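Survey of secondary and tertiary structure
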Amino acid sequence: ANTSTGTMAALRLGLLTLALHVFANSPATLFRLSRLSCLSNPLGSPRCPPRAHRWAPRARGGDRGDGAREYKEWRRLPLQPYGVRTTLMQEVARGKVYSLEQQLGVFNVAVNIRMTALVVDGGLMLVNPIAPTQECVSLVNDLAKRYGPVRYIVLPTTQVEHKVNLEPLTTAFPDAKVWVVGRQWSFPPFKLDLIGLYPKRIQGFLTNKPPPGGYPWGESVEVKVLDIELPGAIPTPFQEAALFHKSSRSLVVTDSVINVPTEPPPIVQEDPTSLLTIAGVWKGSESGDLDIDSAKKSAVNNKSNRQEGWAKTALLACFLSPSAVSKDLGEYIEKGFQWSDGWQSTFKALSTPSLVVSPLVSQLVFRPQAKKVEKWVDDLLEWPFQMVIPAHFSVARAGPKEFSRAFDFLRNVDGVSISGTLEDDYAVLDAVAKLAFGSKSRTSSSD
């Protein structure tokens, strides 16, 4: 990465990532596309049949038939696992909070995406929509039998992987009231209800000043919104509402912090194909040609390979291209991700704290607007939460102290975002930031 070739390769990878973000927010993506080619998978089909085993006894799915997991709206945002989405549900706080998770990924970098079901007066509040397959809806209906109907659907973010499922979820629960953060956007700028993304019935917007008379759920859930705009040629709004569920003392967020587990989440292990692809070691034959059979054999489905695949997946998801992964795009196209020693220590640094800010978010979102982010964090610290529920990775048993510590990088503009990681781990992110904002986000602390 220190050579000019390596730098250009890193920049090209960063540009690809930026292009994917714009593509994901474009009407062409959000329309119901009729034809799309799935990404190739060296282990076989990009969509593998669900497995019958479980790795987490507390997680449970609904109807296990493939039909119940089919999601016809996957073309709105064509990410893995495409048209079949398994859902697992887990009780987070007894009788108060439930986590419903699916798998989501690109280029076989697959993580979990979470919708949180909060028990409120008279029923349920669903936060951060996921794909409403028959299985997912069945699991929510099981909760509704115990706690009452779905009263509210809340979209607390402007990020596309969460808002893309809002309209289908509101269709599945037509009596629910819909509340969202208000600065939703697409590129080019079209009215979102015209491109099939946004439901036509919005009851209200999440703000730092509750509407006259307060939110309809009363004081059971409090809301504080981060509202920033990322600089650049095309300023991009970024909003995230944090919700404090008083009865469970839970802080529900989206992408602001994560808790990276050392073991793969159960939903990712449901179909470990992506994990094994990332962990697989491509071996060449004596002639120098690619040996596909050796590649398949190298990715045996065992705990060690799943664990290695998860560690590398987490690094790719958070850093895009950490220092230990090759920046040679030609090599990636031919052989997949190629790794050198050092990824183990970076993963340990990423997964040891109970809470961290993903470098993807810290470098490209939070550093350019550090002062406003600090103000939002300080406001959240007033809540006496004991648990943090992000939309990705694991739930964390953590309070204000741990949450504040995750944002220490905002007060240390010259250092790395996560202690124990390397400067080179941020090379691609810094290249993207320099391209997008005109200067390294590492050194920016603009208001």
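Residues numbered from 1 in each chain as written. Predicted model: local features only at pLDDT ≥ 70, side-chain atom pairs only at ≥ 80, totals over all residues. Heavy atoms only, no water.

**Focus on the overall build of the protein**
Note the following rule: Labels follow the DSSP assignment, with helices taken as runs of H or I lasting at least four residues and strands as runs of E lasting at least two, numbered in each case from the N terminus. Exposure classes here rest on a 1.4 Å probe applied to the protein chains alone. A residue is buried below 20% of its type maximum, exposed above 50%, and partly exposed in between. Should any heavy atoms of two residues lie within 4.5 Å, those residues are counted as being in contact. Only the protein chains shown count as cover for residues, and the accessible areas themselves come from Shrake-Rupley with a 1.4 Å probe.
Helices and strands together make up the secondary structure of the protein, namely 16 helices and 11 strands. Counting across all 447 residues of the protein, residues that qualify as buried make up 55%. Taking all contacts inside the protein whose residues are at least 6 apart in sequence as the whole, residues at least 24 apart take part in 71%. Carbon and sulfur atoms make up 54% of the accessible area of the protein, which amounts to about 18,900 Å² in all.

**A short note on the pairing of strand β1 (residues 88–93)**
Stated precisely, the cut-off is as follows: By this definition, two strands are paired if DSSP reports at least two bridges between them.
Counting buried residues in β1 gives 5 out of 6 residues, a clear majority hidden from the surface. Alignment of β1 against strand β2 (residues 97–106), held across 5 bridges, turns out to be antiparallel. For Met89, the partnering residue across the bridge sits in β2 and is Leu100. Linking β1 back to β2 in an antiparallel pair, the connection comprises 3 residues, with Gly95 at a positive phi of about 70 degrees.

**A short note on helix α13 (residues 359–366)**
Most of α13 sits out of view: 7 of its 8 residues are buried. Here α13 has its buried residues at Pro359, Val361, Ser362, Gln363, Leu364, Val365 and Phe366. Against the buried residues of α13 lie β8 (221–230), β9 (236–245), α10 (303–319), α12 (343–351), α14 (370–380) and α16 (427–437).

**Considering the pattern of salt bridges**
Filter applied, for reference: What makes a salt bridge here is a side-chain nitrogen of Lys or Arg within 4 Å of a carboxyl oxygen of Asp or Glu, nothing more.
As enumerated under the stated definition, the model contains 13 salt bridges in all. One salt bridge connects Arg94 with Glu91, and the closest N-O pair in it is separated by 3.9 Å. Assessed through its relative accessible area of 71%, Arg94 is described here as exposed. A residue is classified by how much of its surface remains accessible, and Glu91, at 18% relative accessible area, is buried. As a salt-bridge pair, Glu382 and Lys224 come within 3.4 Å of each other at their nearest N and O atoms. Taken together, the positions of Glu382 in the loop between α14 and β11 (387–389) and Lys224 in strand β8 put the pair 158 residues apart, joining distant regions of the chain. Residue Lys224 is classed as buried on the basis of its relative accessible area, which comes to 15%.

**Examining the packing of α10 against α12**
We apply this condition: Only the contacting stretch of a helix is used when fitting its axis, a line to C-alpha atoms as for every element, and angles between N-to-C directions run 0 to 180 degrees. We call two directions roughly parallel when the angle between them is under 35 degrees, roughly antiparallel when it is over 145, roughly perpendicular when it lies between 65 and 115, and oblique otherwise. Under the scheme applied here, ten amino acids are nonpolar (Ala, Val, Leu, Ile, Met, Phe, Trp, Tyr, Cys and Pro), four are charged (Asp, Glu, Lys and Arg), and all others, including Gly, are polar.
Put simply, α10 and α12 touch, their axes get as near as 10 Å, and they point 70 degrees apart. When the axis of α10 is compared with that of α12, the two are roughly perpendicular. Where α10 abuts α12, its residues Gln307, Glu308, Trp310, Ala311, Lys312, Ala314, Leu315, Cys318 and Phe319 lie against Trp343, Thr346, Phe347 and Leu350. Within the contact of α10 with α12, the residues separate by chemical class into 9 nonpolar, 2 polar and 2 charged.

**Digging into the pairing of strand β5 (residues 150–155)**
Sheet faces and side chains relate simply in a regular strand, where the side chains alternate between the two faces. Which entries qualify depends on this criterion: Handedness of a crossover is defined as follows: with both strands directed away from the viewer, a clockwise route from the first strand across the helix to the second makes it right-handed.
For β5, the buried fraction is high: 5 of the 6 residues fall into the buried class. When strand β4 (residues 123–127) meets β5, the two strands line up parallel, connected through 4 bridges. Bridged to Leu126 within β5 is Ile153. Handedness of the β-α-β unit built from β4, helix α4 (residues 134–147) and β5 comes out right-handed. Here β5 runs beside strand β6 (residues 177–180); their pairing, made up of 4 bridges, is parallel. Counterpart to Leu155 in the pairing with β6 is Val180.

**What about the sheet that holds β6?**
Pairing within the open sheet is mixed, and its 7 strands lie in the order β1-β2-β3-β4-β5-β6-β7. For this open sheet the edge positions go to β1 and β7 (204–205), each flanked by a neighbour on one side alone. The sheet contacts of α4 involve β1, β2, β3 (109–120), β4 and β5, and relative to β2 the element is tilted by about 170 degrees.

**Points about α4**
Stated precisely, the cut-off is as follows: In this scheme, a helix's expected span is set at 1.5 Å multiplied by one less than its residue total.
Spanning 14 residues, α4 covers 20 Å between terminal C-alpha atoms, matching the ideal 20 Å at 1.5 Å per step. For α4, every residue scored as buried is listed here: Glu135, Cys136, Val137, Leu139, Val140, Leu143 and Tyr147. Just past α4, the residue Gly148 takes up positive phi, approximately 110 degrees.

**As for the nonpolar core**
Note the cut-off: Within this scheme, the nonpolar core is defined by two criteria: the residues are buried Ala, Val, Leu, Ile, Met, Phe, Trp, Tyr or Cys, and they are joined through side-chain atoms within 4.5 Å.
Grouped together as the largest cluster of nonpolar side chains are 36 residues, with contacts concentrated most on Val257, Phe366, Val388, Phe403 and Phe407. Of all the secondary structure elements, the ones that give two or more residues to this core are β8, β9, α13, α14 and α16. The contacts of Phe403, once residues within four sequence positions are left out, are Leu251, Val257, Leu355, Val377, Leu380, Leu381, Phe385 and Val388. Membership of the second largest hydrophobic core comes to 27 residues, among which are Leu88, Val260, Cys318 and Trp339.

**Things to note about the sheet that holds strand β10 (residues 250–252)**
The strands that make up a sheet are held in pairs by hydrogen bonds between backbone atoms, and each pair lies either parallel or antiparallel. Here 4 strands make up an open sheet; going across it, the order is β8-β9-β10-β11 and the pairing mixed. The open sheet is flanked by β8 and β11, the only strands paired with a single partner. Neighbour to neighbour, the strand axes of the sheet diverge by 20 degrees on average, direction disregarded. Pairing between β8 and β9: 10 bridges, direction antiparallel. Looking at the pairing, Asp227 lines up with Gln239 of β9. Against the sheet, α13 contacts β8 and β9, and its axis sits at roughly 60 degrees relative to β8.

**Examining the confidence of the model for the protein**
Just so we agree on the cut-off: A residue's pLDDT is the confidence the predictor assigns to it, expressed on a 0 to 100 scale.
On average, residues of the protein score 81 in pLDDT, and 74% of them reach the 70 mark or higher. Across residues 1–58, where pLDDT falls below 50, the model places 112 contacts with residues more than four positions away in sequence or in other chains.

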